[in-house]
Amino acid sequence: MPDTASAASGGRPAGRSLPDTESFAAAIRAGDRRMLARAITLVESTRTDHRAAAEALLEALLPDAGRALRVGISGTPGVGKSTFIEALGLHLVDSGKRLAVLAVDPTSARSGGSILGDKTRMEQLSRRPEAFIRPSPAGRSLGGVARRTREALLLCDAAGHDVVLVETVGIGQSETAVADMVDLFMLLLAPGGGDDLQGIKRGVMELADLIVINKADGDLLPAAKTAQADYRSALGLMRPRFAAWKAEVLLASALRSEGIGPVWERIEAFRQGLTDSGEFDRQRADQAVSWMWRDLTDTVVESLQADAELRAAAERREREVRDGRSTPMAAARSLLEAFLRRGPEAARP
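Taking an unreviewed UniProt entry as the reference, the protein chain is identified by name as Methylmalonyl Co-A mutase-associated GTPase MeaB belonging to Marinibaculum pumilum.

Right, dumping it as structure tokens:
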């Protein structure tokens, strides 16, 4: 059974001492699932010493990453994402591929807790030794992905997985960040056009490389075919993301394992088309740069919050903004200037 080290520990690696970077990296390259789980827990940790160890590990493994196909899957609530991912995952492992699933669960805004139940929802897939399923809490991250999903992707890639699936928490206002870290973004929808079509954010539709209408079976099959025609018409009004690929709409029934093979065939066609045009590598390079800037932003905020003097200044500025004595722009500029004056001392979260 695949190891899915608990992500409910607040991002704290187990109490055992960490191996040295090269031993850690070697174990991951060799496909040690337990060490891969520990590595993901390490990169999710907020401790300063763990952050330094995680950066060293990622640097060591960077040359080993880049071979896995990264697929993001988002969808409306109740569409059957977990069932679909299990059906697709079983299809992949049956065809001889090694698979990793990074399943992001929503975090409660009140308690901070997360269900982390994807392993139980993918019972058959979780028993396959070729599969690695890792649930992670979304925390306060936007875009339906966890704070360190990019790092987890790199680790799974370096561990030799052929495909990495990223399941997001669902469609929402900021449910597009996953498209900036995967090769193909798949939108999973339920049968029904018309009003349902109006409820899908245009921004999400524009990012979709593949739309799959799930539950296309039995009495729902006619509705699924109608939805397929509606979504095809909607996509015809949008500019394609890539010159070498136009988004497609497919039908599938995850519960009956129908249409899963054709979905994978189109995913492979997508990769081949973008590889031949050179867009595949360009997208990966653009995503790496985007990752750099996003991490820089997060690091600055974390550093500001970790410094007692800057944190106190931030609290004062917050009160001024709340009371209408300062604009948010002026308060932000003041905090940035204070951060820069603090120098290297403030740059260590």
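Anyway, onward from the coordinates.
1. With respect to helix α7 (residues 149-158)
Of all the 10 residues making up α7, 10 are buried; the element is thus mostly covered by neighbouring parts of the structure. Among the residues trailing α7, G160 stands out with phi positive, at a value near 95 degrees.

2. Comments concerning the packing of helix α12 (residues 279-306) against helix α13 (residues 308-322)
Between α12 and α13, the shortest axis-to-axis distance is 5 Å and the interhelical angle comes to 95 degrees. What the angle tells us is that α12 and α13 run roughly perpendicular. Touching L304, Q305 and A306 of α12 are A308, L310, R311 and A314, all from α13. When grouped by side-chain class, the residues that make up the contact of α12 with α13 number five nonpolar, one polar and one charged.

3. Here's the deal with the packing of aromatic side chains
For the structure on display, the rule yields two aromatic pairs. Relative to F270, the ring of F242 has its centre 5.8 Å away and its plane inclined at 75 degrees; by these criteria the two rings are edge-to-face. Separated by 28 residues along the polypeptide, F242 in the loop between α10 (221-235) and β7 (248-251) and F270 in helix α11 (residues 260-277) bring together distant segments of the chain. For the pair F242 and F270, one class covers both residues: buried. By way of ring pairs, the aromatic residues F242, W245 and F270 are connected into one cluster.

4. Let's talk about unusual backbone geometry
Phi at K215 takes a positive value of approximately 65 degrees, unusual for a residue other than glycine. By secondary structure assignment, the location of K215 is in the loop between β6 (210-213) and α10. The partly exposed category is assigned to K215, whose relative accessible area is 33%. The phi dihedral of S257 is positive, around 55 degrees, even though this residue is not glycine. By secondary structure assignment, the location of S257 is in the loop between β7 and α11.

5. Some words on the pattern of salt bridges
The tally for this structure, following the rule as stated, stands at 19 salt bridges. Notably, a salt bridge pairs R134 with E44, separated by 3.0 Å at the nearest N-O pair. Of this pair, R134 sits in strand β3 (residues 131-137) while E44 sits in helix α2 (residues 33-44), placing them 90 residues apart in sequence. Classification of R134 by relative accessible area gives buried; the value is 0%. Of the charged contacts in the structure, one is a salt bridge between R51 and E302, with a shortest N-O distance of 3.2 Å. Here R51 is found in helix α3 (residues 48-61), whereas its partner E302 is found in helix α12, with 251 residues between them in sequence. Residue R51 is classed as buried on the basis of its relative accessible area of 14%. Shared partners join several salt bridges into a network, and the residues in it are E22, R29 and D64.

6. A short note on the packing of helix α1 (residues 21-29) against α3
As a packed pair, α1 and α3 sit with axes 9 Å apart at the nearest point and diverge in direction by 50 degrees. When the axis of α1 is compared with that of α3, the two are oblique. Helix-helix and strand crossings are classified by hand; for α1 and α3 the assignment is right-handed. For the pair formed by α1 and α3, the contact residues are T21, F24, A25, I28 and R29 on the first element and A56, L57, A60 and L61 on the second.

7. Concerning the nonpolar core
Among the nonpolar cores identified, the biggest contains 49 residues, and I28, L57, L155 and I211 are the most heavily contacted of them. Among the elements that line this core, the one with the most residues is α2, at seven residues. With residues near it in sequence (within four places) discarded, I211 still touches L187, L189, M205, L235, E248, V249 and L250. Counting residues in each nonpolar core, the second largest holds 37 residues, with V71, A103, L184 and F280 among its members.

8. Some remarks on the pairing of strand β4 (residues 163-167)
Of all five residues in β4, five are buried; the element is thus mostly enclosed. Of the two faces of β4, the one holding V163, L165 and E167 and the one holding V164 and V166 are both buried throughout.

Conventions adopted
Residues numbered from 1 in each chain as written. Predicted model: local features only at pLDDT ≥ 70, side-chain atom pairs only at ≥ 80, totals over all residues. Heavy atoms only, no water. Buried < 20%, exposed > 50% of the residue type's maximum accessible area, 1.4 Å probe, protein only. Helix = DSSP H or I, 4+ residues; strand = E, 2+ residues; numbered from the N terminus. Axes fitted to C-alpha atoms, helices over the stretch in contact; angles between N-to-C directions. Parallel < 35°, antiparallel > 145°, perpendicular 65-115°, else oblique. Contact = heavy atoms within 4.5 Å. Nonpolar A, V, L, I, M, F, W, Y, C, P; charged D, E, K, R; others polar. Phe/Tyr/Trp six-rings, centres within 6.5 Å; stacked < 30°, edge-to-face > 60°. Salt bridge = Lys/Arg side-chain N within 4 Å of Asp/Glu carboxyl O. Left-handed = near helix turned anticlockwise from the far one by under 90°. Core = buried A, V, L, I, M, F, W, Y, C linked by side-chain atoms within 4.5 Å.

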